[in-house]
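Residue-level listing of the chains:
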Protein chains: 2
Amino acid sequence: MTRTVAAQTVVVGAGPVGSLLALLLARRGHQVIVYESRPDPRRLPAPPGRSINLTLAERGWHALRAVDADAAVHEICVPLYGRMIHSPYGACAFQPYTSRHDAIYSASRTELTDLLLEMVRAHPAVRIHFDHRCLEPDFAGRRLHLLGPGGVTTTVAARHVFAADGAWSTVRRGLLRAHGGSFFQRLSPMLYRELRVPRSGLTGDLARREALHLWPRGQCMLVGFPNLDGSATVSVFMPLTGEESFAALTTPPELTRFLLSECPDLLAASPALVEDFFARPPSLLVSSSCRPWIHEDWLALVGDAAHALVPFLGQGLNAGFEDCTVLLECIEESGGDWHAALRRYEQDRTANCETVIQLAEQHYDELAVRARDPLFRVRKWLEDRAYRLDPDRFVPLYTMVAFSRRPYTEVRCRQARQEEMLDRLMKHPAIRAREVGGHVDALIRDELAQLAG
Amino acid sequence: MTRTVAAQTVVVGAGPVGSLLALLLARRGHQVIVYESRPDPRRLPAPPGRSINLTLAERGWHALRAVDADAAVHEICVPLYGRMIHSPYGACAFQPYTSRHDAIYSASRTELTDLLLEMVRAHPAVRIHFDHRCLEPDFAGRRLHLLGPGGVTTTVAARHVFAADGAWSTVRRGLLRAHGGSFFQRLSPMLYRELRVPRSGLTGDLARREALHLWPRGQCMLVGFPNLDGSATVSVFMPLTGEESFAALTTPPELTRFLLSECPDLLAASPALVEDFFARPPSLLVSSSCRPWIHEDWLALVGDAAHALVPFLGQGLNAGFEDCTVLLECIEESGGDWHAALRRYEQDRTANCETVIQLAEQHYDELAVRARDPLFRVRKWLEDRAYRLDPDRFVPLYTMVAFSRRPYTEVRCRQARQEEMLDRLMKHPAIRAREVGGHVDALIRDELAQLAG
């Protein structure tokens, strides 16, 4: 059975990015229809399983403010002001993100999705249909085909289409097939499993809810997010094979030995950790990008459909929300020329998102490897000092990424120059001797003077 | 909201093993309730994605015959009489499974599941509830808790429970927690992706529908199953990382180069192969086993919940169906003593299934590595000759596994002796010179005489 529908603007996918975009469009006066492949979460709650806690930073908040969702989202977030580094011997060290008390915000994927869905439902200019899986679009005929409940196919003649159908997007697949475009997809050698630590198990430094908890172990890494209900979610990142890997931890005693040697504080926190570990398969992480992102004035990709990031920089959702912000700006400024608007959107976002994909991959090293290195702490101190001395000239990478909306491409260029400066400073005898004081500040100021503003 | 139900016998999970067991129990006069976590496939068809084609062999057919399902299942199967080995240069060689025209049968997981579900629905002694997710059982109170639609929890006071809830079984998790049992779970270094080749692309040797198609490439392997509709499903098995791996194939041009060098016949068969490859994440493969399998006279695990196998031997479903056969035999022969019945079932199946888990892992090597070796073909010829000369004394491993119901433990013991015999024969000058004829038969007969019957 087939039915045909005419529609102004269609958003495919009602994850956080799809919902946010629908709200932004509706506020600018568009009539929006949203199609989502999953069942209505009011009817069938999402099953437990794969979902790293989402992280909201400045780019994300900026977009949420534009639809007045920031206050409600704030209610379901836990602010994190820095990283708590757990050593294998139980000692902990807190590293604030900035000296200005900046925070990133941790939220559950399900709660954020449901909250934005409720706002979508409440908006009179948006209609949403669940249980509708989008097939590859008909680009020549400018039609979408959606497979609904009971095998009913709906054909939609949409004026404009925005595809937010995720990292394994079917719309993207059709777009690339139609254009013979280019596509890149890298599976991370790191997989992850999520463990839940109950509120009762969080004592001592583990109970500090203002920090992202980190067990950096080089070949593998554990990351703990405080949850709103007082519990914590710990993600174990490991390769599939090798000495320290998911394939090497085959029995509970082997896992217990591993936890005892690498994060004894965590093992003590939850008696069910070992059962939890084996209760679900590990999940894969993927980076992906493609070109084109658009089809004429008709269709554009947004969010994970256009660019998937590994989670180490916490920017996946933020980059997706920023797509929406930029897309709306391009539409506003184009004076009704949608093709020009989408072209500008594509040009801006492809370069920026390809950059943040690489920054996210590189950040594993900062979290898991360099975080253990005493010299890295010296470097971090220098960064912080330079930032305090001249915040216009020097801003640490993570601060630019998380606490500004500076384009990612600009972040990378500035970072390259800043790294060279830090390399030079790290070789200086006074720094090597870990001196502090006015003469060290003078050294840093000399270097800062050479950085372009 | 909670409601409580009293029930005679409960089966958790309506995959092929759960459905088969429900039918077997119902035929012996039990009143059965089946709980399945997925929605009713009549209402919501299964999404496309992960499912290697299932393989039915003698152990599977034996169980299907016991519920008169064999004729109907036969209708949805494609018989495969041997392996078609594809070389990188396009040449093909057909290796029959036996000289007796034995076949294994390929079926789609979805079609087999749906067919058995229809039989379950039609049986007056079985009731089935979809959308019910089983939580960890209450072993002390002998109660199951099931999370239904709208968050309603059903508590079931069941007389007996059989858990067929799959490789990531929640019931098993509870059982091991309650007993402090032992558990083993190995992730295979091989992951897989499935590709679909349309009927129109299957020409030449690729079109031969009576064979499992094999591209053995050592570090990786492709396996093609003919489907009922004339198309084929090709599974690509590869490690996640390394030189030939999923992580190394990041763009369509890289994949095309790989396919051109390793299986050019396949690349020519489907223009969409490259898009297909990147359209879904690769899936993980897992081996797992545990003890105990039972709780007193109340609960037993069956199928993947008790033992997960890698697919290289095509025995996962067959071993699961054999669990059901043996379980029913144990119940029949126990004269009402269910604890004795379940103990016997556990004792028989744990040893056999732990054996077939290992045999399945080892079989990757036979398919992907040794299948390319000319000396291996000599060995295969010797095996076949020995089997013809004295089928009581010598039966090739795959023949025992696929075309008999000999216990897996016995298969392994016999195989060890047979391998030693083949090792000795392979060193003989006449064999090394690849001679055939009466004097070679005499050599084989001498060796056969030394094998215990």
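Rules used in this analysis
- Residues numbered from 1 in each chain as written.
- Chains lettered and ligands numbered in written order.
- Predicted model: local features only at pLDDT ≥ 70, side-chain atom pairs only at ≥ 80, totals over all residues.
- Heavy atoms only, no water.
- Phe/Tyr/Trp six-rings, centres within 6.5 Å; stacked < 30°, edge-to-face > 60°.
- Buried < 20%, exposed > 50% of the residue type's maximum accessible area, 1.4 Å probe, protein only.
- Helix = DSSP H or I, 4+ residues; strand = E, 2+ residues; numbered from the N terminus.
- Lys NZ or Arg CZ within 6 Å of the ring centre and 35° of its normal.
- Domains from an automatic or database assignment.
- Contact = heavy atoms within 4.5 Å.
- Buried area = accessible area lost by both parts, 1.4 Å probe.
- Polar contact = N/O pair within 3.5 Å; in protein donor to acceptor, adjacent residues only side chain to side chain.
- Nonpolar A, V, L, I, M, F, W, Y, C, P; charged D, E, K, R; others polar.
- Pairing = 2+ DSSP bridges.
- Axes fitted to C-alpha atoms, helices over the stretch in contact; angles between N-to-C directions.
- Parallel < 35°, antiparallel > 145°, perpendicular 65-115°, else oblique.
- Left-handed = near helix turned anticlockwise from the far one by under 90°.
- Salt bridge = Lys/Arg side-chain N within 4 Å of Asp/Glu carboxyl O.

Let's talk about the packing of aromatic side chains
So, point 1. Counted according to the given criterion, the structure contains 26 aromatic pairs over all chains.
So, point 2. With a centroid separation of 5.1 Å and 80° between ring planes, the pair formed by F277 of chain A and F278 of chain A is classed as edge-to-face. Accessibility classification places F277 of chain A together with F278 of chain A in one group, the buried group.
So, point 3. Judged by centre distance (6.1 Å) and plane angle (55°), the rings of Y97 of chain B and F403 of chain B are tilted. You can see Y97 of chain B sitting in the loop between strand 6 (92–96) and strand 7 (104–107) and its partner F403 of chain B sitting in helix 12 (residues 397–403), a full 306 residues away along the chain. Per residue, the accessibility class of Y97 of chain B equals that of F403 of chain B, and both read buried.
So, point 4. Each residue in the set F183 of chain A together with F246, F277 and F278 of chain B is aromatic and connected to the rest through ring pairs, giving one cluster.
So, point 5. Across from the ring centre of Y408 of chain B, 4.1 Å away, lies the NZ or CZ of R59 of chain B, which sits over that ring.

Digging into the domain arrangement of chain A
Much of the literature gives interface size as the accessible area that the parts lose upon coming together.
Residues and elements named next belong to chain A.
So, point 1. Each assigned domain of chain A is listed with its residue range as follows: domain 1 (2–42 + 57–76 + 102–184 + 287–362) and domain 2 (373–450).
So, point 2. Counting residues at the interface gives 19 residues for domain 1 and 14 residues for domain 2.
So, point 3. In this assembly, domain 1 packs against domain 2 so that about 1,500 Å² is buried in total across both faces, 59% of it on carbon and sulfur atoms.
So, point 4. Connecting domain 1 to domain 2 are 10 residue pairs in polar contact (both at pLDDT 80 or more).
So, point 5. Mapped onto the side of domain 1 that touches domain 2, the elements with two or more residues apiece are helix 2 (58–66), helix 9 (316–333) and helix 10 (338–369).
So, point 6. By residue number, the principal contributor to the side of domain 1 that touches domain 2 is helix 10, which donates seven residues.
So, point 7. The class makeup of the residues in the side of domain 1 that touches domain 2 is eight nonpolar, six polar and five charged.

Examining the sheet that holds strand 19 (residues 307–308) of chain A
Whenever strands of a sheet pair, they do so through backbone hydrogen bonds, lying parallel or antiparallel.
All names here are of chain A.
So, point 1. If you trace the eight strands from one edge of the open sheet to the other, you get 6-5-13-14-15-12-16-19, paired in mixed fashion. Two strands close off the open sheet at either side, each with one partner strand: strand 6 (92–96) and strand 19.
So, point 2. Summarising the sheet, strand 5 (residues 82–86) and strand 6 pair through five bridges and their orientation is antiparallel. Looking at the pairing, M84 lines up with F94 of strand 6.

Examining the sheet that holds strand 7 (residues 104–107) of chain A
Residues and elements named next belong to chain A.
So, point 1. The strand order across the open sheet formed by three strands is 3-7-4, and the pairing between neighbours is antiparallel. Edge strands, defined here as strands with exactly one partner in the open sheet, are strand 3 (54–56) and strand 4 (78–80). Neighbour to neighbour, the strand axes of the sheet diverge by 35° on average, direction disregarded.
So, point 2. Bridging between strand 3 and strand 7 involves three bridges; their strand directions are antiparallel. Each bridged residue has a counterpart across the sheet, and for T55 the counterpart in strand 7 is S106.

A look at the packing of helix 11 (residues 374–389) of chain B against helix 13 (residues 408–426) of chain B
Residues and elements named next belong to chain B.
So, point 1. Put simply, helix 11 and helix 13 touch, their axes get as near as 11 Å, and they point 120° apart. Here helix 11 lies oblique to helix 13, going by the angle between them. In this structure, helix 11 meets helix 13 at a crossing whose hand is right-handed. Where helix 11 abuts helix 13, its residues L375, V378, R379, L382, E383 and A386 lie against E419, M421, L422, D423, L425 and M426.
So, point 2. Across the contact of helix 11 with helix 13, the residue classes tally to eight nonpolar, no polar and four charged.

Some points on the pairing of strand 2 (residues 32–35) of chain A
All names here are of chain A.
So, point 1. The side-chain alternation of strand 2 yields two buried faces, one formed by V32 and V34 and the other by I33 and Y35.
So, point 2. Pairing of strand 2 with strand 8 (residues 126–129) involves four bridges; the strand directions are parallel. Within strand 8, the position partnered with V34 by the bridge is I128.

A few points about the side chain of H307 of chain B
So, point 1. Mapped onto the secondary structure, H307 of chain B falls in strand 19 (residues 307–308).
So, point 2. Apart from residues no more than four positions distant in its own chain, H307 of chain B is found in contact with S288, W293, A319, G320, D323, C353 and I357 of chain B.

Some points on the pattern of salt bridges
Close approach of charged atoms lets side chains of opposite charge pair.
So, point 1. A complete count under the given rule lists 62 salt bridges over all chains for this structure.
So, point 2. Here R186 of chain A ties to E361 of chain A by a salt bridge, and the two come within 2.8 Å at their closest N and O atoms. With a gap of 175 residues between them, R186 of chain A in strand 12 (residues 182–197) and E361 of chain A in helix 10 connect regions that are remote in the sequence.
So, point 3. By relative accessible area, E361 of chain A is classed as partly exposed at 24%.
So, point 4. Put simply, E136, R173 and R177 of chain A together with E275 and D276 of chain B are held in one network by salt bridges that share partners.

Let's talk about the side chain of T154 of chain A
Residue and element names in this part refer to chain A.
So, point 1. Looking at where T154 falls in the secondary structure, it is placed in strand 11 (residues 153–163).
So, point 2. Assessed through its relative accessible area of 1%, T154 is described here as buried.
So, point 3. When neighbours within four sequence positions are excluded, T154 is seen to be in contact with R3, V5, Y35, H132, L144, H145 and L146.

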